Amino acid sequence: MKINKSYNFHWHILLLIVVLIELWPLLFMVSTSFKTMDQIFAATLNPFPTSFILDNYLRVLHTLPLGSYIINTFIVASGITIAKIFTSLIAGFAFVYYDFRHKETIFNALLFTFFIPITVIIMPNYLLISKMGLLNTPLGVILPQLADGMGIFLMRQTMRGIPKPLIEAGQLENASPWHILTRIMLPLIKPAIFAMGIVFFIDSWNQYFWPLLVLNDKASYTLPIALQMFISAEGGSEWGIAMAVATLTSLPPLLLYLVCQRFIINTFMQSGVKG
Amino acid sequence: MLKRFTKLITLLCLSAFVISLSGCGTAQKSNQKVTIEYWHVNAESFGGATVKQLIEQFNKENPDIEVVEKYNPDMYKGLTQNLQAAMASGKNPDVVQMGYSYLNYAGENLKYDDIPELLSKQAPEDKNFMQDNFLPNIISLATTDDGKQIGLPYSVSVPVLYYNPDILKQAGLDPNKPPRTWQEVTQYAQTIKDKTGNTGFFMQEYADNWAQQALIESNGGKMLTKKDNKTVAAFDSPEAAQAYQIIADMVKAGTGLHASNEEAFQAFLSGKVGMVCTTIGKRENFEKSAKFTVMSTAFPTFDGKTRKVPAGGNMLMIFSKDAEKQKAAWRFVKFLESPASLALWTKGTGYLPPRKGVTEDPNGLKDFVAQNKNMQSAMSQMPDVVKWASFPGANGLQAEQALIDVRDVILSGKQTAADALKQAADKVNSLLQ
Amino acid sequence: MKHYHWQPALFLAPAIIVSLLFSYWPLLQDIWLSFHSWNMVSPNMKFIGLQNYLQLISGPELIKVFSNTFIYIAILVSINFLLPYLLSFVMAHRIHRFSFFYRSILFIPSTLSLAVASIIFLWIFNPLAGPISLLLSTMGLDSPSWFKDPSFVIMAISLIIGWKVFGYNLIVLFAAMVAVPKDLIEAAKLENASSWHIFRHIIVPITSPTALYVFVITIVFGLQYVLVPLNMLTQGGPDQSSTNLVYIVYQYGFVFFQTGKAAAFAVLTMLVYAGFLVIKSKLLNKLVHYEN
């Protein structure tokens, strides 16, 4: 097809406007975090601080146990990610490799959990976690999230794409199912697992609602929870600092994405999530 | 590259995960010391540092006791949530800050230590501590409707009217003559709007009815009343409606602001709102963040009527179960309520001290109050302090929400204050049945 | 494929145990709790039969909750489904360069926390000092109090969600759009088919399974994403104008401490969700048949 430049010029304008709308709030967050209180109010619309200051960041470092927030968030996010990958992998394998009764029903029942609204199950889960004495522990946040319906679904989809002869060859050599999973299938679906892992990690890094209930000791906070301290009832109106914490909270998932963006987007494109 | 990156991430995640799991065990208790837990709602930007300082001092002076502090987010709502969960799992804290608006709820639903009972058992020498050191209207702040003393008043805050002197000057008003009555507030707001284009006035819109109660009761109305031994709504009176309508009319005229607190405070600090009516607890934060000199005056009154301001803030409740902990908890509470500690507390938070004599005490707050004009406008209101209306019963919190909802109805101009308050009263009464 | 019972059971055990314990058991517990009056701590939990349900049905609240939920759905579907659907078509079939650049940039907000988004937008929507109000005032307009005005609050909250989710949905839809064979479109063009014809009879049918998926998650997750800004910014207000089916459960459970009534709302919400998902899978089956 020939490219008709004048024809698609206006589409680029449209897309650039959308890009601007999506990027501007971020720019706003970052620039506010470098402004003094005066500039925040006086030069609200100017995206570039008139004098670039690090005060807000220094104050965050001095007043908040930022290191432990980062570690807490990391523990929760990586714990959930690893657990979900593992449970999704073996469950997806069971659905592809075996035939058993009620297979579809079980699969649908697992997938269904993905769609249950969080508030519906949050109260009983909260009572359960508190009875187990796990409030204020990362384990309490992680435990209800050890499996993921969508993860199982994606793993099943991906494994279905593996050529049958490869698996049959393994069976002929009398390899155990575990061997077939880890030695034959795993290497083939690594990119999909990696991409899924990144999505899980970013999602759990950003979690707000469930950790907010489970973690009520300041020392066990994750970053998104720490953020709400800045707008709580009597918390104060220190916008520069709030924006600095917001920026720091966003940095890890953002960097992870930027480093792997080509890979993430391509995997998304190839797997073509279908429901 | 990708492969190595994957491995690295996996390794990092794994190790972090393992560490976290092994770190989950609860801390060991030492045998010699009594450890007690103190729960508070003081975020870093709101007295958190003072809490730490006080505890450090107490622990140093009392080697046989170890106080551990715990911050609870989301104010008393968040704290109550956590408290209920902790008690359900049998692990209760020892000393807890409880908001006055939760007075009846706490009295009915939590297993607290009754203060007179605790004193007569564990510290008979302090039997008259309350009566000796607190004004009667302050003691009543921690007394439930059925007469139980469930805690000790600790922090007291009152509403004041903050204003931006620059805007007043610009509008041709004298910053040293702030409005004293609500009629004047309305006039000032109008002048500010006309002369400067800025919004004149904002009254706090937290998820409670504290400032609105001050407004209603200062006009001779009441929030709740007892009828046949039942608590019923009383805010559907003409006095209440008249008071509420003043604010609604300002919003309607464009001289008043109806917005969320964070938004309105932000606008005030950036010099876009002339006057803000909110708690004295905001003083330090305002003074620090504003680009102008924040000034304040006492909560305005209605012509010829007495001012009545509900006490905001909190009391200290004790939840310890065994004698050793109860004794330790009382010693800690007594320390927190000492003039020197209260002085520190006031400086760190902006709360007023609940005890007699702290402001006159040279070791206490004498100099501080003398230097701080904004504190004076709050201090002068101590005799006007009344109880914060607390909605009883299992539906109490929902009843309070109904009154919060009605604020939005009135201020948005959808209904007149009289109509809206009448409907809300019906709803509250059915919830309080 | 092999027939063993214990082997698949072993592989499935972790996922099944977690789902039973933390998803299905809570659902059952909700049902049980919904027949009681309880405040989460009190030792005496009172059995009150269907009273919670009766109160729930007779109250005016339910109508508000449902109508709000529908408004949310309408707005969310427009900005997070229709808009990205059209834009992904543009990106896949109307431009020929920089598509990767657009995709990479537009995806960025989906990597951020909703807590971050809420804080940024609280500032942006400030009616007096925020950037939007400043822009409006240069045009001589007064900014509404976005989070305090019943007619704007749902829009404002949905825009926060829209901002965050837009890019993700766009990429997923784009993947489906590029999978539409180019020669099909070329052939239609040779037959002088109109753009609308191509869109309606080639693009829409082929992309419909993915579109349906995005449509469903837009609604199912949109209503949940909303929880974060609701919790941080409005608490369901003003006058319950921003609450919805998902938030009301939280409000009764953790703000009013009325566990029984919260559970009754939870059961209702679950029924609505389940109904929606059943309709969706029926529809999906139809579409798949159509495709085959």
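Residues numbered from 1 in each chain as written. Chains lettered and ligands numbered in written order. Predicted model: local features only at pLDDT ≥ 70, side-chain atom pairs only at ≥ 80, totals over all residues.

1. So, the overall build of chain B
Next, step 1: Secondary structure assignment for chain B yields 19 helices and 14 strands.
Next, step 2: Against the 2.2 N^0.38 benchmark of 22 Å for 433 residues, chain B shows a C-alpha radius of gyration of 24 Å, consistent with a compact globule.
Next, step 3: Across its three principal axes, chain B shows a C-alpha extent of roughly 70 × 70 × 50 Å.
Next, step 4: Evaluated residue by residue, chain B yields a buried proportion of 55% over its 433 residues.
Next, step 5: By sequence separation, contacts in chain B at least 24 residues apart represent 74% of the contacts at least 6 residues apart. (Helix = DSSP H or I, 4+ residues; strand = E, 2+ residues; numbered from the N terminus. Rg over C-alpha atoms; globule rule 2.2 N^0.38 Å. Buried ≥ 20, exposed ≤ 12 C-beta atoms within 10 Å, placed from the backbone. Contact = placed C-beta atoms within 7 Å.)

2. Notes on the overall build of chain A
Next, step 1: What chain A contains, in helices and strands, is 13 helices and 0 strands.
Next, step 2: Scanning chain A from its N terminus toward the C terminus, one meets helices and strands in the order α-α-α-α-α-α-α-α-α-α-α-α-α.
Next, step 3: Computed over the C-alpha atoms, the radius of gyration of chain A is 23 Å, more than 25% above the 19 Å expected from 2.2 N^0.38 for a compact globule of 275 residues.
Next, step 4: Judged by the C-alpha coordinates and their principal axes, chain A covers about 75 × 65 × 30 Å.
Next, step 5: With 275 residues in all, chain A has 51% of them scored as buried.
Next, step 6: Sequence-distant contacts, at least 24 apart, represent 73% of the contacts inside chain A between residues at least 6 apart.

3. Digging into the sheet that holds strand E11 (residues 295-298) of chain B
All names here are of chain B.
Next, step 1: Taken in spatial order, the 5 strands of this open sheet run E9-E6-E10-E5-E11, and their pairing is mixed. The sheet terminates laterally at strand E9 (256-257) and E11, the two strands that pair on one side only.
Next, step 2: As paired strands, strand E6 (residues 199-203) and E9 are joined by 2 bridges and run parallel to one another. Its bridge partner being in E9, Phe202 is matched across the sheet by Leu257.
Next, step 3: Relative to E6, helix H9 (residues 182-196) is tilted by about 140 degrees, and along the sheet it contacts E6, E9 and strand E10 (273-279). (Pairing = 2+ DSSP bridges. Axes fitted to C-alpha atoms, helices over the stretch in contact; angles between N-to-C directions.)

4. Section: the interface of chain A and chain C
Next, step 1: Taken together, the contact pairs 67 residues of chain A with 78 residues of chain C.
Next, step 2: Where the side of chain A that touches chain C is concerned, the elements lending two or more residues are helix H1 (5-33), helix H4 (66-97), helix H5 (103-112), helix H6 (118-131), helix H10 (177-205), helix H12 (223-228) and helix H13 (239-271) of chain A.
Next, step 3: Class assignment for the residues of the side of chain A that touches chain C results in 50 nonpolar, 14 polar and 3 charged. (Nonpolar A, V, L, I, M, F, W, Y, C, P; charged D, E, K, R; others polar.)

5. Things to note about the packing of helix H18 (residues 396-411) of chain B against helix H19 (residues 417-432) of chain B
Residues and elements named next belong to chain B.
Next, step 1: The N-to-C vectors of H18 and H19 enclose an angle of 165 degrees; their axes lie 9 Å apart at closest approach. Relative to H19, the element H18 is oriented roughly antiparallel. You can see that H18 and H19 cross each other, and the crossing is right-handed. Across the interface between the two elements, Gln398, Ala399, Ala402, Leu403, Val406, Val409 and Ile410 of H18 pack against Ala417, Ala420, Leu421, Ala424, Lys427, Val428, Leu431 and Leu432 of H19.
Next, step 2: For the contact of H18 with H19, the per-class residue count stands at 13 nonpolar, 1 polar and 1 charged. (Parallel < 35°, antiparallel > 145°, perpendicular 65-115°, else oblique. Left-handed = near helix turned anticlockwise from the far one by under 90°.)

6. With respect to the interface of chain C and chain B
Next, step 1: Opposite the 26 residues of chain C that make contact, chain B presents 26 residues.
Next, step 2: Taken together, the residues that form the side of chain C that touches chain B break down as 14 nonpolar, 9 polar and 3 charged.

7. Digging into helix H11 (residues 238-252) of chain B
Residues and elements named next belong to chain B.
Next, step 1: Between its first and last C-alpha, H11 extends 20 Å over 15 residues, near the 21 Å set by a 1.5 Å rise per residue.
Next, step 2: Looking at H11, one finds that the buried residues are Ala240, Ala241, Ala243, Tyr244, Ile247, Ala248, Met250 and Val251.
Next, step 3: Buried residues along H11 sit against H9, E6, helix H10 (210-218), E9, H18 and H19.
Next, step 4: Within two residues after H11, Gly254 carries a phi angle of roughly 80 degrees, on the positive side. (Expected span 1.5 Å × (residues − 1).)

8. Here we look at the domain arrangement of chain A
Residues and elements named next belong to chain A.
Next, step 1: Assigned domains of chain A: these are domain 1 (1-53) and domain 2 (56-271).
Next, step 2: Taken over C-alpha atoms, the centre of domain 1 sits 31 Å from the centre of domain 2.
Next, step 3: Domain 1 puts 8 residues into the contact, and the matching count from domain 2 is 7 residues.
Next, step 4: Elements supplying a minimum of two residues to the side of domain 1 that touches domain 2: H1 and helix H2 (37-42).
Next, step 5: No other element matches the 4 residues that H1 contributes to the side of domain 1 that touches domain 2. (Domains from an automatic or database assignment.)

9. Side note on helix H5 (residues 114-124) of chain C
Next, step 1: For H5(C), a buried count of 11 out of 11 residues is recorded, marking the element as mostly surrounded by other parts of the structure.
Next, step 2: Residues of H5(C) that are buried: Leu114(C), Ala115(C), Val116(C), Ala117(C), Ser118(C), Ile119(C), Ile120(C), Phe121(C), Leu122(C), Trp123(C) and Ile124(C).

10. With respect to the sheet that holds strand E13 (residues 312-318) of chain B
All names here are of chain B.
Next, step 1: What the 5 strands build is an open sheet, ordered E2-E1-E3-E13-E4; its pairing is mixed. The open sheet has two edge strands, strand E2 (65-71) and strand E4 (152-157), and neither has a second partner. The average angle at which neighbouring strand axes cross in this sheet is 20 degrees, direction not considered.
Next, step 2: For strand E1 (residues 34-40) and strand E3 (residues 95-99), the ladder comprises 2 bridges, and the chain directions are parallel. Its bridge partner lying in E3, Tyr38 is registered against Val95.
Next, step 3: With respect to the sheet, helix H14 (residues 323-336) is in contact with E1, E2, E3, E4 and E13, its orientation differing from that of E1 by roughly 50 degrees.

11. Examining the confidence of the model for chain B
Next, step 1: Averaged over every residue, the pLDDT of chain B is 87; residues scoring 70 or more account for 92%.
Next, step 2: For the stretch residues 11-30 of chain B, pLDDT sits under 50, and the model shows 18 contacts to residues farther than four places along the chain or on other chains. (pLDDT = per-residue confidence, 0-100.)

12. Examining the environment of Val204(C)
Next, step 1: In this structure, Val204(C) sits in helix H9 (residues 195-225).
Next, step 2: Expressed as a C-alpha distance, the spacing of Val204(C) and Glu191(C), which sit 13 residues apart in the sequence, is 19 Å.

13. Section: the domain arrangement of chain B
Residues and elements named next belong to chain B.
Next, step 1: Taken as a whole, chain B is organised into domain 1 (34-156 + 312-380) and domain 2 (159-310 + 393-432).
Next, step 2: In this structure, domain 1 and domain 2 have C-alpha centres spaced 28 Å apart.
Next, step 3: Listed as interface residues are 13 residues of domain 1 and, on the opposing side, 16 residues of domain 2.
Next, step 4: Mapped by element, the contributors of at least two residues to the side of domain 1 that touches domain 2 are helix H4 (103-109) and helix H17 (373-379).
Next, step 5: With 3 residues, H17 is the largest single contributor of residues to the side of domain 1 that touches domain 2.

14. Section: the nonpolar core
Next, step 1: Grouped together as the largest cluster of nonpolar side chains are 301 residues, with contacts concentrated most on Leu227(A), Val245(A), Tyr244(B), Met275(B), Phe332(B), Leu421(B) and Ile120(C).
Next, step 2: With residues up to four places along the chain from it excluded, the contact list for Leu227(A) reads Val245(A), Ala246(A), Thr249(A), Ala115(C), Val116(C) and Ile119(C). (Core = buried A, V, L, I, M, F, W, Y, C linked by C-beta atoms within 7 Å.)

15. Topic: the packing of H4(A) against helix H1 (residues 6-33) of chain C
Next, step 1: In the contact formed by H4(A) and H1(C), the axes pass within 8 Å of each other and the chain directions differ by 130 degrees. Between H4(A) and H1(C), the interaxial angle falls into the category oblique. Once H4(A) is placed against H1(C), the crossing between them reads as left-handed. Of H1(C), the residues touching H4(A) (which contributes Thr87(A), Ile90(A), Ala91(A), Phe93(A) and Ala94(A)) are Pro8(C), Phe11(C), Leu12(C), Pro14(C), Ala15(C) and Val18(C).

16. Thoughts on unusual backbone geometry
Next, step 1: With omega at -5 degrees, the peptide bond leading from Gly237(C) into Pro238(C) counts as cis.
Next, step 2: Relative to the helices and strands, Pro238(C) resides in the loop between helix H10 (227-234) and helix H11 (245-255).
Next, step 3: Positioned with a positive phi, Asn136(A) is a non-glycine residue whose angle comes to about 70 degrees.
Next, step 4: On the secondary structure map, Asn136(A) appears in the loop between H6 and helix H7 (138-142).

17. What about the pairing of strand E5 (residues 159-163) of chain B?
All names here are of chain B.
Next, step 1: For E5, a buried count of 5 out of 5 residues is recorded, marking the element as mostly surrounded by other parts of the structure.
Next, step 2: The two faces of E5 match: Pro159, Leu161 and Tyr163 on one face and Val160 and Tyr162 on the other face are all buried.
Next, step 3: When E5 meets E10, the two strands line up antiparallel, connected through 5 bridges. What sits directly across from Tyr162, in E10, is Val276.

18. A word on the confidence of the model for chain A
Next, step 1: This prediction gives chain A a mean pLDDT of 85; 91% of its residues lie at or above 70.
Next, step 2: Of the regions scoring below 50 in pLDDT, residues 1-5 of chain A engages in 1 contact with residues more than four places distant in sequence or in other chains.

19. Re the environment of Leu58(A)
Next, step 1: Tracing the chain through its elements places Leu58(A) in helix H3 (residues 55-63).
Next, step 2: Between the C-alpha atom of Leu58(A) and that of Tyr126(A), which follows or precedes it by 68 residues, the distance is 36 Å.

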